[in-house]
Each structure stands twice: as C-alpha cells, then as structure tokens.
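Structural overview for review
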Amino acid sequence: MPVLLVVVDGLSDRPVDGKTPLSVANKPNFDRLAEMGINGIMDTIAPGIRPGSDTSHLALLGYDPYRYYSGRGPIEAAGVGIEVKPGDIAFRINFATVEGEGKIFDKVVVDRRAGRIENTEELIEAIRNKVRLPVEFLIEKGTGHRAAIVFRGENLSEKVSDTDPKAVGKKVKKCTALSEEEGAKRLAEIVNEFMQKAHEVLDEHPLNKERADKGLPKANALLLRGAGKMPHVPSFEERFGLKLCVITATALIKGVGKIVGADVVTPEGATGNKNTDLEAKFRAAKNALKSHDVILLHIKATDELGHDGDFDGKRKFIEKLDERISTLFDLNFSETCLIVTADHSTPVKVKDHTADPVPVIIVHEDVRRDEVESFSEFEAYKGGLCRIRGMDLLNIAFDLLNIAKKFGA
Ligand code: ZN
Ligand code: ZN
C-alpha cells in the first residue's frame, strides 16, 4: 500500500494578468488526475511563512521544520554524502580566489567562485591529507565550486560567524563566536586554524600552479558559511515504520532525504534542470513502489524557471511534465495513494519563493471525489481537501490506506 508523493518544486504562481503558467498550460493528464482525486490547497509550513525547499520538504515528510531544521549547513553536508551525526557542526563552502600578502585574513577575495572551478577532487584530497586540527573534520565536494565540511568534536557550538565576506574586494573574514558559550569560542578558533592551513595547502598545490600558468584564478581559499548543528532526527522508518525513498538530482533535497534516513536515488539523466530525463525519474519512482512504502519524486525545473521569471518556459516545462505523468495512470489506485503537489510557490513575478499556498491532488479509490476538473491554483481551493498544512499531508494518505494509528480509544 505505497504512497507516491510527486513534488513539483515551486510549481505554483501568483497571477500575471489573471493567469499563471500552470493555469494556461495544456495539461490534460494533470487535469484528469484532478478529476479523479480530491483537491485542495496547502500551506507547506504555515500560512504566510515563505518556505525554503529544505524546510518545506521536511514538513511534507512529516517533520516539523521548527524542531528539526538547523540551517542549510547540515543538509548540504548530508546531500554531498557526508555521514552527518547529531552534534556535528556543518558549513557550506565555496572555493574562492584570494590575493595579497600575509595570512589568509589579510588577503582579499577576488573571485568568490574561483572561476567556477569544477575539478576540486584533488584539492579536497590534499586538504584531507595535509590539514590537521584539534578535532576531526570531514569534507566533500559539491557541484562546481561548492563543497561542505563537518567539524566533529565534544561540545562545539554552531553559534559562530561566516568567513565568507560575500563580496569581492573584501578581506576574508575571521570566524568569531556569536555567543558566550565556550564551544563557540573553541569552534571559531578551530575554523580560523582550518582557514589558514587549507589556504597554505591550496596555494601551493600543483593544480593551482597549473591554473595560474594558464591565467585561470587559483582556487586557493575556502569560504565557509551557514554553520548549523545537526540535531537528532529520528529516521522515517523509526517514526512511521515505513521505508522511504527520495528520488532527486538536487543536493539540498538529497540532504533532506539523507537526514531522515531515506534511500536516495538519482537516476542517470536526472539533472535538476529543464533538460532532465523525466522518463528516467518516473521509471525510478515506479520501481521504488515495489521496494518502498513512501516514495518522494522531486522535480526541480519549475522552481528554476520561476527564479528566472520565465513564464513561458515554466508553462512549457509543465506541459512536458504532463506528458510524462500519464505513465502513472496504470497504477492501481485501490492500493497506491498518489499525491501531486509543490513544496512552495515560486512566482515568475517575484522570482523567489512565496507563501502562497500550493495546489494538491490526492488520488486513491477511497477519496471523496470533488467537482474540481482542472489542476491549477484557481481551481484547487474549490476541492474537498480545503486548506491543509504540509505536515498533515502524509497523515491524510496513511489514513486513506488504513495504516494510521488511532489517537485515543
Ligand atoms: Zn523548492
Ligand atoms: Zn527555489
């Protein structure tokens, strides 16, 4: 009795001349699902709260983000493959280019992305081998110039500042304690030691000498930001007794999956942008239905197109997705519960996430079908689900599948 939760990132919009990319798209299959199911709108976190993709995905999986979210650091670190443990302090990293004389904190950032360097594997390996600190650290490459790091030790506090000045022409910032806690002072010292040692290793590295010879900016500094302490997060299986699979190509969503103990799958050809292989993703989702109880299929491109303010591109991608979603009509809806929704709105007008509620369809044989016949922001609110919260979504599905625990006698 599985649940397939299709999350179309940033799908919904605010109207532009009364229309949205979703409302004007030619999407017969989404409309058919709306007709087959019960519809509604959803505040993924709460009314008026603008969700990040990480906090909203936690909520959609039944985890209160106010309790389990502790910044982007731990989620990014988990997303790039670090086994983050409770108490670990994680940061996001940029490879950057610094110039000047003296120590790292005397130098000026001239490129925050080190020429958008891609091949950082060797540099990271050198840091692992040569930098020694009073605590253990784990560092992994992310996409492009990005990476993540975890500091592991007793009583460290995440209440420390970034070393990323977030602008070129500025000096690298010293990490400072933002609270009186001993652990914050200690971590700040460790981070500063790491900054200097990593800089020495990187600046001397043959790959950087090669880059300098070719006239490319050296990737000779690491800028850290977004410190967060990994909280204790009970796994999805511990909480619900169900096996979760998350299918995504996006590091942040991989990270959410990892910290709740999901099996994370990135099918070949899945890219997280509009050229992604949707067929491969839906195939992976249908496969996962055989081995898992809850499958979250994440589709990213709609959010990117929303951030780009690309109304027509977003409409076209929704149409492409509509063709692929037809592959779900052969599911057995007396067994499977299908949910189609978004993690937040990314209106092309705003080019960022807003708190406007998202549309939801739940398809299952036992739902009370309503009169909604089309999938859009304007139709969804007429449906029988009315207005729900993200945290309620899986509970509703579990109840439909008769696997929810009774509250009371
Ligand atoms: Zn999102
Ligand atoms: Zn976004």
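The structure contained in this document is the topic of the report that follows. (Residues numbered from 1 in each chain as written. Chains lettered and ligands numbered in written order. Predicted model: local features only at pLDDT ≥ 70, side-chain atom pairs only at ≥ 80, totals over all residues. Heavy atoms only, no water.)

1. Considering empty space enclosed by the protein
In this structure the tally under the stated criterion is two cavities of 30 Å³ or more. Of the volumes computed, that of the largest cavity is approximately 50 Å³. When its residues are assigned to classes, the lining of the largest cavity shows eight nonpolar, four polar and three charged. A volume near 40 Å³ is recorded for the second largest cavity. For the second largest cavity, the full set of lining residues is Tyr68, Tyr69, Ser70, Gly71, Pro74, Ile75, Met230, Pro231 and Ile259. Within the lining of the second largest cavity, the residues separate by chemical class into seven nonpolar, two polar and no charged. (1 Å grid on protein atoms, 1.4 Å probe; cavity = no way out; pocket = protein on both sides within 12 Å on 5 of 7 lines; lining within 4 Å. Points joined across faces, edges and corners; volume = space filled by probe spheres on them. Nonpolar A, V, L, I, M, F, W, Y, C, P; charged D, E, K, R; others polar.)

2. Here we look at the layout of surface pockets
Considering only enclosed or pocket space, the largest pocket measures out at about 760 Å³ in volume. Thr143, Arg146, Thr250, Ala251 and Glu304 are the residues nearest the centre of the largest pocket, which is lined by 29 residues in total. Among the secondary structure elements, those contributing two or more residues to the lining of the largest pocket are helix H3 (53-60), helix H5 (72-79), strand S6 (146-152), helix H10 (251-259) and helix H12 (301-307). Sorting elements by how many residues they give to the lining of the largest pocket places H12 first, with five residues. Each of domain 1 (3-69 + 234-400) and domain 2 (77-229) accounts for three or more of the residues forming the lining of the largest pocket. (Helix = DSSP H or I, 4+ residues; strand = E, 2+ residues; numbered from the N terminus. Domains from an automatic or database assignment.)

3. Here's the deal with helix H13 (residues 311-325)
Its 15 residues place the ends of H13 21 Å apart at the C-alpha level, agreeing with the 21 Å of an ideal helix rising 1.5 Å per residue. Those residues of H13 not exposed but buried are Gly313, Lys314, Arg315, Phe317, Ile318, Glu319, Leu321, Asp322 and Ile325. (Expected span 1.5 Å × (residues − 1). Buried < 20%, exposed > 50% of the residue type's maximum accessible area, 1.4 Å probe, protein only.)

4. Some words on the environment of leucine 331
Relative to the elements of secondary structure, leucine 331 occurs in the loop between H13 and strand S11 (337-341). Sequence separation between leucine 331 and lysine 286 is 45 residues, and the spatial gap between their C-alpha atoms is 8.8 Å. Here leucine 331 is in contact with Leu4, Lys286, Leu289 and Thr336, once residues within four sequence places are set aside. (Contact = heavy atoms within 4.5 Å.)

5. Here we look at the pairing of strand S12 (residues 358-363)
Side-chain positions along a regular strand alternate between the two faces of the sheet. Burial within S12 is extensive, with six of its six residues counted as buried. Taking every second residue as pointing to the same face, both faces of S12 are buried, with Val358, Val360 and Ile362 on one and Pro359, Ile361 and Val363 on the other. Pairing between strand S2 (residues 38-43) and S12: five bridges, direction antiparallel. Bridging across to S12, methionine 42 finds its partner in valine 358. Two strands pair when backbone bridges link them, and S11 and S12 are joined in this way by three bridges, in the antiparallel orientation. (Pairing = 2+ DSSP bridges.)

6. A few points about the coordination of the zinc ion (ligand 2)
Coordination of the zinc ion (ligand 2) by the protein comes from Asp303 (OD), Asp303 (OD), His307 (NE2) and His353 (NE2), over a distance range of 2.0 to 2.4 Å. Around the zinc ion (ligand 2), the four donor atoms sit at angles spanning 56 to 144°, and that spread fits a shape best called irregular. All donor residues of the zinc ion (ligand 2) come from one chain, and their arrangement in sequence is D-x3-H-x45-H. The metal-metal distance between the zinc ion (ligand 2) and the zinc ion (ligand 1) is 4.6 Å. Taken as a pair, aspartate 303 in helix H12 and histidine 353 in the loop between S11 and S12 lie far apart in primary sequence, 50 residues in all. In this pair, the class of aspartate 303 matches that of histidine 353, namely buried. (Donors = N, O, S within 2.8 Å, 3.2 Å for Na, K, Ca; no water. Tetrahedral: all angles 85-135°; square planar, octahedral: opposite > 155°, others 65-115°.)

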